[in-house]
Amino acid sequence: MNRQLTLLFAAFEALLVVAIGIAIPLVPLTLLWGIHYGLAIDWTVFWRAAVDIWLVGHGVDITVVLDPTVSKSLGFAAASTPVTITMALLGFALLTVLLGVRAGRRVAETSHALLGTFASLATFGAASLVVTLSALHPVAHPSLWQGTLLPTVVFAVGLLIGSQVVNTRSRAVGPVRRWVLGWPAQVRTIVATSLRGGAIAAAGLLTVASIATMLAIITSYAEIIRLYEALHTEVLGGIAVTLGQIALLPNIIVWAASWLVGPGFAIGTGSTVSPLATSLGPIPAIPVLGALPTGDFAFGFAGLLAPVLVGFLVAAVLGPRIAGELRRRELAIVAVGIGLTAATIIGLLVWASAGSAGPGRLNDVGPQPWVVTLWAFVEFSVAAGLGLLTSARPERADDGFMQR
């Protein structure tokens with residue numbers, strides 16, 4: 001494939017990712033426009049709504065000016081009171097990453113991979129700018145620079161992962177890998193084990209959180225159905241609500257992980273949901289939130305064992321692989337590295353999943369990023385240290401102690 005075809009192919013891949021992401025909310029909204037409203041409303045209203053949903057899904061802040069009737073019902077003094085939505089619907093970001101991985105793999109297989117990657121990123125950024133400009137409106141105004149940058153950054157993560165998968169399979173040695181191979185063997189072992197262990201530990205905690213979320217939804221099925229019925233939505237409305245909850249599901253899983261770490265999360269200012277205490281006020285009429293616990297668990301503190309067990313097991317598995325290569329003090333550095341990596345991943349996800357979801361109490365929704373990150377760092381580091389000391393038996397002595 002020559003340069004021209006590579007450019008066209010990479011640009012098409014990027015445009016396809018943007019089109020799929022916007023089409024998911026746009027299709028049901030267009031059906032709603034045609035069936036429920038009888039084409040009586042300007043379709044651009046639904047286009048802007050779909051773009052706004054897609055942008056919110058990538059963490060873009062959107063400032064909304066409330067309708068006078070809505071503003072009065074919420075107790076605001078003036079209808080011009082602005083409300084800024086900052087909480088991301090991570091389902092859209094996850095979709096962009098997955099589609100970016102696919103695009104990255106396909107572009108990396110061409111003969112001009114670097115050129116194709118830059119073309120794909122540039123096209124995605126330009127498309128994000130155009131759709132953000134098309135959604136600007138006095139009623140709902142997305143941040144222009146965030147609308148251009150944040151979706152592109154999310155797409156770039158997927159591209160990077162996809163291209164690295166291809167490079168790993170082809171055993172290609174890039175400049176970064178050559179630079180890393182020049183490090184001392186001990187440093188490479190410490191860094192590689194810390195990053196690998198931390199990533200696996202974070203993934204393990206999210207897996208446990210996913211299972212806990214699934215069980216909570218299953219056991220609260222009756223309450224969720226009751227909330228669906230209370231909304232009195234028709235078929236299209238029910239589909240729209242369900243799609244919105246699917247987009248919110250990754251957030252809920254991250255909140256469940258914060259619950260397992262310990263600090264928990266909030267559904268509105270003044271509320272708290274944690275293993276040690278639960279205090280809920282009025283919550284949004286979102287059916288899936290019917291799975292939230294309504295009282296304190298007698299053995300809620302047992303949830304705190306999840307990150308400890310995950311960190312311990314990951315370190316216990318990785319320990320024998322580095323046995324004999326590192327001293328005990330170096331194993332301690334690895335344990336801290338595992339804790340730091342896992343806590344950083346969890347903290348970034350928590351930061352993206354939380355924020356303002358609306359006016360009033362909904363100005364504070366989700367976990368506190370720094371608190372969750374600190375708790376996760378302590379729990380994973382201590383657990384990883386115990387796991388490494390249990391499984392890895394250093395043959396090299398510290399300060400000659402074992403030699404004596």
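Residues numbered from 1 in each chain as written. Predicted model: local features only at pLDDT ≥ 70, side-chain atom pairs only at ≥ 80, totals over all residues. Heavy atoms only, no water.

**Q** Before we go on, may I ask you to explain the overall build of the chain in this structure?
**A** Along the chain, the regular secondary structure elements total 13 helices and seven strands. The 404 residues of the chain split such that 42% are buried. A separation of at least 24 residues holds for 77% of the contacts in the chain among residues at least 6 apart in sequence. As displayed, the chain offers around 20,700 Å² of accessible surface, 71% of which is attributable to carbon and sulfur atoms. (Helix = DSSP H or I, 4+ residues; strand = E, 2+ residues; numbered from the N terminus. Buried < 20%, exposed > 50% of the residue type's maximum accessible area, 1.4 Å probe, protein only. Contact = heavy atoms within 4.5 Å. Areas by Shrake-Rupley, 256 points an atom, 1.4 Å probe, with all protein chains shown as cover.)

**Q** Sorry if this is basic, but what is going on with the environment of Leu-159 here?
**A** Within the element layout of this structure, Leu-159 appears in helix 6 (residues 144-169). Separated by 55 residues in sequence, Leu-159 and Gly-104 have C-alpha atoms that sit 4.1 Å apart. Once residues lying within four places of it in the same chain are set aside, the contact partners of Leu-159 are Gly-100, Val-101, Ala-103, Gly-104, Thr-117, Ser-120 and Leu-121.

**Q** Help me understand the packing of aromatic side chains, please; the structure alone is not making it clear to me.
**A** How two aromatic rings sit relative to each other is set out by the distance from centre to centre and by the angle between their planes. Scanning the entire structure with this criterion turns up four aromatic pairs. Measuring from ring centre to ring centre gives 4.4 Å for Phe-124 and Phe-155, while their planes differ by 5 degrees; the resulting arrangement is stacked. Taken together, the residues Phe-124 in helix 5 (residues 113-135) and Phe-155 in helix 6 connect sequence positions 31 residues apart. Across this residue pair, the class does not change: Phe-124 and Phe-155 are buried. Judged by centre distance (5.6 Å) and plane angle (25 degrees), the ring pair of Trp-255 and Phe-265 falls under stacked. One end of the pair, Trp-255, is in helix 10 (residues 235-261); the other, Phe-265, is in the loop between helix 10 and strand 4 (266-267), with 10 residues separating them in the sequence. A network of ring pairs unites the aromatic residues Trp-54, Phe-124 and Phe-155 as a single cluster. (Phe/Tyr/Trp six-rings, centres within 6.5 Å; stacked < 30°, edge-to-face > 60°.)

**Q** How do you make sense of the layout of surface pockets when you look at a structure like this?
**A** A probe as big as a water molecule, rolled over the atoms, marks out the empty space that is left. Quantified by volume, the largest pocket comes out at close to 1,400 Å³. If you go around the largest pocket, you meet 40 residues; those closest to its centre are Ile-53, Ile-85, Leu-89, Gly-244 and Ala-357. Among the elements of the structure, helix 1 (3-35), helix 2 (43-56), strand 1 (62-65) and helix 10 are those that each provide at least two residues to the lining of the largest pocket. With eight residues, the top contributor of residues to the lining of the largest pocket is helix 10. (1 Å grid on protein atoms, 1.4 Å probe; cavity = no way out; pocket = protein on both sides within 12 Å on 5 of 7 lines; lining within 4 Å. Points joined across faces, edges and corners; volume = space filled by probe spheres on them.)

**Q** How should the pairing of strand 1 be read in this particular structure?
**A** Here is the key point about a regular strand: its side chains alternate between the two faces of the sheet. Judged from the four bridges that link them, strand 1 and strand 2 (residues 82-85) form a sheet pairing that is antiparallel. For Ile-62, the partnering residue across the bridge sits in strand 2 and is Ile-85. (Pairing = 2+ DSSP bridges.)

**Q** Sorry if this is basic, but what is going on with the confidence of the model for the chain here?
**A** Any region with low pLDDT has predicted coordinates that should not be read closely. On average, the chain scores 84 in pLDDT, and the residues at 70 or more come to 87%. Below pLDDT 50 for its whole length, residues 396-404 participates in 13 contacts with residues either more than four positions away or in separate chains. (pLDDT = per-residue confidence, 0-100.)

**Q** Looking at this structure, I do not really get the side chain of Thr-189. What am I missing?
**A** Relative to the assigned elements, Thr-189 resides in helix 8 (residues 185-219). When residues no more than four places from it in sequence are discounted, the contact partners of Thr-189 are Ile-322, Glu-325 and Leu-326.

**Q** Quick question: what am I supposed to make of unusual backbone geometry here?
**A** Leave glycine aside and you will find that most residues have negative phi; peptide bonds, for their part, are mostly trans. Residue Leu-39 is not a glycine yet carries a positive backbone phi of 65 degrees. With respect to the element layout, Leu-39 can be found in the loop between helix 1 and helix 2.

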